[in-house]
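Notes for the structure review
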Amino acid sequence: MSQKVIVYSTEGCIECNYVKQMLTEEGISFEVRDVMKSEEYQKEVETFGFLGVPVTVVGDKAVKGMTPELRELIATV
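Residues numbered from 1 in each chain as written. Predicted model: local features only at pLDDT ≥ 70, side-chain atom pairs only at ≥ 80, totals over all residues. Heavy atoms only, no water.

Moving on, we come to the overall build of the protein. Scanning the protein from terminus to terminus reveals 3 helices and 4 strands. Listing each helix as α and each strand as β along the protein from the N terminus yields β-α-β-α-β-β-α. The dimensions of the protein, computed from C-alpha atoms along their principal axes, are 30 × 25 × 20 Å. The buried share of the protein, taken over its 77 residues, is 40%. Within the protein, residue pairs in contact and separated by at least 24 positions form 57% of the contacts whose partners lie at least 6 positions apart. Carbon and sulfur atoms make up 51% of the accessible area of the protein, which amounts to about 4,800 Å² in all. (Helix = DSSP H or I, 4+ residues; strand = E, 2+ residues; numbered from the N terminus. Buried < 20%, exposed > 50% of the residue type's maximum accessible area, 1.4 Å probe, protein only. Contact = heavy atoms within 4.5 Å. Areas by Shrake-Rupley, 256 points an atom, 1.4 Å probe, with all protein chains shown as cover.)

This part takes up the sheet that holds strand β1 (residues 5-9). Sheet strands line up and pair through hydrogen bonds in the backbone, either parallel or antiparallel. The 4 strands lie next to each other as β2-β1-β3-β4, forming an open sheet whose pairing is mixed. Because the sheet does not close on itself, it has two edges, and the strands there are β2 (31-34) and β4 (61-64). Going from strand to strand, the sheet's axes swing by 20 degrees on average, the running direction of each strand aside. The sheet contacts of helix α1 (residues 14-25) involve β1, β2 and β3 (55-58), and relative to β1 the element is tilted by about 160 degrees. Helix-sheet contacts for helix α2 (residues 39-47) involve β1, β2 and β3, and the interaxial angle to β2 is about 105 degrees. (Pairing = 2+ DSSP bridges. Axes fitted to C-alpha atoms, helices over the stretch in contact; angles between N-to-C directions.)

Here the focus is the environment of G59. Secondary-structure assignment places G59 in the loop between β3 and β4. Residues G59 and Q42 lie 17 residues apart in sequence; the distance between their C-alpha atoms is 18 Å. Setting aside anything within four residues of it in sequence, one finds G59 in contact with Q3 and K4.

Before going further, it helps to examine the nonpolar core. One broad trend across soluble globular proteins is that nonpolar side chains are buried collectively. With 11 residues, the main nonpolar core is built from V5, V7, V19, M22, L23, I28, V58, V63, L70, L73 and I74. Of all the secondary-structure elements, those providing two or more residues to this core are β1, α1 and α3 (68-74). Not counting chain neighbours up to four residues away, the residues in contact with V5 comprise L23, I28, S29, F30, E31, T56, V57, V58 and V77. (Core = buried A, V, L, I, M, F, W, Y, C linked by side-chain atoms within 4.5 Å.)

Next up on the list: unusual backbone geometry. For the peptide bond that leads from V53 to P54, omega is 5 degrees, which places it in the cis range. For P54, the position within the fold is in the loop between α2 and β3.

Written as structure tokens, this is what we have:
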């Protein structure tokens with residue numbers, strides 16, 4: 001069973017769009033949570049130790065930005 005993927009982002013965030021585009025191209029479904037529209041979502045990002053976006057979460061692991069670690073994370077999906 002694959003794990004749920006969540007992308008915390010904001011509207012107009014270019015790096016966020018790159019992350020979402022990459023996930024889409026990889027055929028990975030994901031939920032988008034806009035931290036500017038929900039204080040709860042911002043707090044969720046902060047629980048992972050981040051203040052900015054994009055933050056991609058799979059299970060209990062989170063990665064900020066478009067990094068090699070993101071590729072490793074999505075390989076677990």
